[in-house]
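The residues making up each chain are set out below.
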Amino acid sequence: MSQPTPGSGTPPLAVPLDPALRRALDDLADATGRRPEDIARDAVEAWVRDEEARVRGVAERLAWAHAGLLRKLGK
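Just so it is clear, the structure is predicted and the values come from calculations on it, not from any experiment.

Draft legend 1. Seen up close, helix H2 (residues 36-65). Between its terminal C-alpha atoms H2 stretches 43 Å, which fits the 44 Å expected from 30 residues at 1.5 Å a residue. Residues of H2 that are buried include every one of Pro-36, Ile-39 and Gly-57, and no others. Tucked into the core, H2 has its buried residues touching helix H1 (19-32).

Draft legend 2. Looking closely at the pattern of salt bridges. Per the counting criterion, the structure on display carries five salt bridges. One salt bridge connects Asp-26 with Arg-22, and the closest N-O pair in it is separated by 2.9 Å. Note that Asp-26 and Arg-22 are positioned in helix H1 at a spacing of four residues, about one turn of the helix. Assessed through its relative accessible area of 30%, Asp-26 is described here as partly exposed. On the basis of relative accessible area, Arg-22 is assigned to the partly exposed category, the value being 38%. A salt bridge links Arg-54 to Glu-51, with the nearest nitrogen and oxygen atoms 2.8 Å apart. With Arg-54 and Glu-51 both in helix H2 and three residues apart, the pair spans about one turn of that helix. In this structure Arg-54 comes out as partly exposed when scored by relative accessible area, which is 47%. Counted as one network, the salt bridges with shared partners bring together Arg-35, Asp-38 and Arg-41.

How each quantity is defined
Residues numbered from 1 in each chain as written. Predicted model: local features only at pLDDT ≥ 70, side-chain atom pairs only at ≥ 80, totals over all residues. Heavy atoms only, no water. Helix = DSSP H or I, 4+ residues; strand = E, 2+ residues; numbered from the N terminus. Expected span 1.5 Å × (residues − 1). Buried < 20%, exposed > 50% of the residue type's maximum accessible area, 1.4 Å probe, protein only. Contact = heavy atoms within 4.5 Å. Salt bridge = Lys/Arg side-chain N within 4 Å of Asp/Glu carboxyl O.

And the structure:
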């Protein structure tokens, strides 16, 4: 069983990367003095935030576009 990430209480997530992407990640980590895992975590966090906002926006637009129907169904 995997060990939890320190301070998170959840086990780490293993994500297979294409060798070229892994090399690019390692190069970026080396150039910035950061760990590849930290760069990947930051990238996933940013993607999840952006995707949540995008999905929320789509849901809000659909709710607005179909507000009349939703009101009728709620009666």
